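Chain and residue survey
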Amino acid sequence: MRYMTAQEAAERWGVSLRQVQRLAAEQRIPGAQAFGRAWMIPLGAEKPADLRRDKPRPCVLSAELLGLFASTAGPLPASGPDAILETLGEDRLRLIYEAEICYQRGDFERVMACYQNVARDDAARLRISLGAIAAAISTGDYRAYTEIEGWLKRIVETTADETVRVFAELGLATAAVSVAAPNLVPEWLREGDLGALPPAVRPYALYLRSKYFLCLGQFQTMLAVAQTAQSVCAPEKGIAPYDIYLRMMCAVSCHNLERDEEARRWLLDACRIALPHDLITPFAEHVTLFGGLMEQVLAQEFPDCYERVLKQWKRTWRNWITFHNRFTKDNITLILSLREYHFALQVARRVPHAKIARQYGISVGRFRNIMREIYEKLSISGPRELKKYIL
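Predicted, not measured: the structure shown is a model, and the values here were computed from it.

Thresholds, definitions, all that
All residue numbers refer to positions counted from 1 along the written sequence of the respective chain. Residues qualify for local features only when their pLDDT is at least 70, as the model is predicted, and side-chain atom pairs are given and counted only at 80 or more; totals for whole chains, interfaces and linings, by contrast, use all residues. With hydrogens and water stripped out, all remaining heavy atoms of the structure feed into the side-chain values. To qualify as a helix, a DSSP run of H or I must reach at least 4 residues; to qualify as a strand, a run of E must reach at least 2; elements of each kind are numbered from the N terminus. Between the two quantities, the radius of gyration covers C-alpha atoms and the globule rule is 2.2 Å times the number of residues to the power 0.38. In the cavity and pocket records, a cavity denotes points on a 1 Å grid over the protein atoms alone where a 1.4 Å probe fits but cannot get out, a pocket denotes an open set with protein on both sides within 12 Å along at least 5 of 7 lines, and lining residues are residues with an atom within 4 Å of a point. Grid points are joined across faces, edges and corners, and a volume is the space filled by probe spheres set on the points. For this classification, Asp, Glu, Lys and Arg are treated as charged, while Ala, Val, Leu, Ile, Met, Phe, Trp, Tyr, Cys and Pro are nonpolar and the rest, including Gly, are polar. Contacts were defined at the residue level, with two residues in contact if any of their heavy atoms lie within 4.5 Å. For two strands to be treated as a pair, DSSP must find no fewer than two bridges joining them. Angles shown run from 0 to 180 degrees and are taken between the N-to-C directions of axes, each axis being a line fitted to C-alpha atoms and, for helices, limited to the stretch in contact. The disulfide criterion used throughout: a pair of cysteine sulfur atoms within 2.5 Å. Under the rule applied, a polar contact is a pair of N or O atoms within 3.5 Å (in protein, one hydrogen donor and one hydrogen acceptor; residues adjacent in sequence only if both atoms are side-chain atoms). What pLDDT expresses is the predictor's confidence in each residue, scored from 0 to 100. The pairing test for Phe, Tyr and Trp rings, Trp by its six-membered ring, is centres within 6.5 Å, and the orientation test on the planes gives stacked under 30 degrees, edge-to-face over 60, and tilted for anything in between. We call a residue buried when its accessible area falls under 20% of the maximum for its residue type, exposed when it is over 50%, and partly exposed in between, using a 1.4 Å probe and counting protein chains only. Think of it as a cone above the ring: NZ of Lys or CZ of Arg counts as a charge over the ring if it is within 6 Å of the ring centre and within 35 degrees of the ring normal. Note that the arc is computed from the directions linking the helix axis to the C-beta atoms.

As a further point, take the overall build of the chain. Regarding its fold elements, the chain presents 20 helices and three strands. Relative to the globule expectation of 21 Å for 391 residues, the C-alpha radius of gyration of the chain, 22 Å, shows essentially globular dimensions. Counting only C-alpha atoms and orienting by the principal axes, one finds that the chain spans roughly 60 × 55 × 40 Å.

In this approach, a probe sized like a water molecule rolls over the atoms, and the result shows the empty space that is left. Empty space within the largest pocket amounts to approximately 1700 Å³. Taken together, 48 residues line the largest pocket, and the ones lying closest to its centre are R18, A25, K329, D330 and N331. Within the residue set of the lining of the largest pocket, elements represented by two or more residues are helix 2 (17-25), strand 3 (38-42), helix 7 (142-158), helix 8 (162-178), helix 16 (303-335) and helix 20 (383-390). With ten residues, helix 7 is the largest single contributor of residues to the lining of the largest pocket. Empty space within the second largest pocket amounts to approximately 790 Å³. Contributing to the lining of the second largest pocket are 30 residues, with S178, V179, A180, C215 and S379 lying nearest its centre.

So, about empty space enclosed by the protein. Scanning all chains against the criterion turns up two cavities of 30 Å³ or more. By volume, the largest cavity is sized at about 580 Å³. What lines the largest cavity is a set of 34 residues, among which E100, Q104, R127, Y204 and P241 lie closest to the centre. Counting residues per element, the lining of the largest cavity draws most heavily on helix 4 (residues 91-105), which supplies six residues. Lining the second largest cavity, in full, are F108, S138, T281, A284, E285, Q312, T316 and W320. Looking at the lining of the second largest cavity, the elements with two or more residues in it are helix 14 (281-284) and helix 16. Among the elements that take part in the lining of the second largest cavity, helix 16 stands out by supplying three residues, more than any other. In terms of residue class, the lining of the second largest cavity is built from three nonpolar, four polar and one charged.

Before going further, it helps to spend a moment on the environment of S129. Residue placement: S129 occurs in helix 6 (residues 122-138). Taking C-alpha positions, S129 is 6.3 Å from G171, a pair spaced 42 residues apart along the chain. Non-local contacts of S129, meaning those with residues more than four positions away in its chain, are made with Y115, I148 and L152.

What follows covers the sheet that holds strand 1 (residues 3-5). The sheet built from three strands is open, its strands ordered 1-3-2 with antiparallel pairing. For this open sheet the edge positions go to strand 1 and strand 2 (33-35), each flanked by a neighbour on one side alone. Along the sheet, successive strands turn relative to each other by an average axial angle of 35 degrees, direction set aside. The pairing of strand 1 with strand 3 spans three bridges and is antiparallel.

All right, on to the state of the cysteines then. Evaluated as defined, the whole model comprises zero disulfides. Free of any disulfide, C114 has its nearest cysteine sulfur in C102, 5.7 Å distant.

A few words on the side chain of T72. Here T72 shows up in helix 3 (residues 58-72). For T72, the side chain forms a polar contact with the main-chain oxygen of L68, separated by 2.8 Å. Those residues in contact with T72, other than ones at most four positions away along the chain, are L93, I96, Y97 and R127.

All right, on to the confidence of the model for the chain then. Considering every residue of the chain, the mean pLDDT works out to 87; 96% of them sit at 70 or more. Every residue in residues 53-58 is under pLDDT 50, and counting partners more than four places away or in other chains gives seven contacts.

This part is about the pairing of strand 3. Here strand 2 pairs with strand 3 via three bridges, running antiparallel. Counted as the bridge partner of F35 is A38 from strand 3.

A few words now on the packing of aromatic side chains. Overall, the coordinates contain ten aromatic pairs when judged by the stated rule. Aromatic side chains Y142 and F323 sit 5.1 Å apart centroid to centroid with 55 degrees between the ring planes, which places their arrangement in the tilted category. With Y142 in helix 7 and F323 in helix 16, this residue pair connects regions lying 181 residues apart in the sequence. This pair shows no difference in class: Y142 is buried, exactly as F323 is. When the ring of Y207 is compared with that of Y245, the centres are 4.9 Å apart and the planes differ by 45 degrees; the resulting orientation is tilted. Of the two residues, Y207 is situated in helix 10 (residues 202-216) and Y245 in helix 12 (residues 241-256); the sequence distance between them amounts to 38 residues. Here Y207 and Y245 have matching classes, each one buried. Clustering of aromatic rings is evident, with ring pairs tying together Y142, Y145 and F323. Between R125 and the ring centre of W151, over which it is positioned, the NZ or CZ distance is 4.0 Å.

Looking only at helix 5 (residues 108-117), the buried set comprises F108, V111, M112, C114 and Y115. End-on, the buried residues of helix 5 take up no more than an arc of 155 degrees, which puts them together on one face. Contacts made by the buried residues of helix 5 are with helix 4, helix 6, helix 7, helix 14 and helix 16.

Shown next as structure tokens:
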């Protein structure tokens, strides 16, 4: 197959180089190949259609989205989550609940199938995208992730409706906290300004906010957000996935604050709600954050679930690590400030710390503190790993 450069494609299609690169990264140009940081485009490729032209009117989508969330925000039956599927007459509602249940059970392939089944229904697609974007990470499907991410970003960039925009940003925030990239969390979520979200969605947003503070290592604040949200939002009856996750956040923060008895109580509460119904994903996602405490609790209290939780963790954890590494490479200029990127670039090129500090008029000690912050943002241990992301 013959190829042209991204610049040649931009000139041929009458668009910017940046747009061609974005279209290629979003897998919207069939046959496009990445070579390092450059893209090669098949010679006969046609310019992809502008999806914004087919976008529904914001007010229509907003009203439909609010109604859809209101219809699917209720807790799952305590007698068994699957029972709710038998009560739903509308296919889109059944697909939303099915995607939620399948995600909690670790059937990520079925989650992605549900997402594909609502591809022409923007309101349902936005609703399912919260789980689908995390399912794509768990399966290591970077192509599916970039497709969902690209669609959500286009909504954020083009919609005039605040409700639709914040829903799309909520999906992007799900990915950001999942891959430990807190700089990419929207400002309103960092500040706790949830006024644009309907009440039914706020518990999930508060869970993401508590996880944002987990990414920052601010465990006391994380506990305050999660504990307050859990006490206010806990359903009177039934099973709410956000309630399980908020309990998990309380357990994780208590463990990091060296309050292991409290952590154990929160963890046991979450286990008693979820594990009798095979809802194992909240535990498989957080095994490594408990330093062995989760394995102890499972072995002692829920031995039948022990192997299933650890099997899912082994199946997905490597995908999360690989995904984080690739995500960080692709988004490093967003994760780091320009100044931090300049520092990291010079360290990766083995320029002595003293020389860099002198160049920027700061002390060597201050420079080393900044580099520690950079390593934390990238979730790496030091300069040897830094070279993979910078050079």
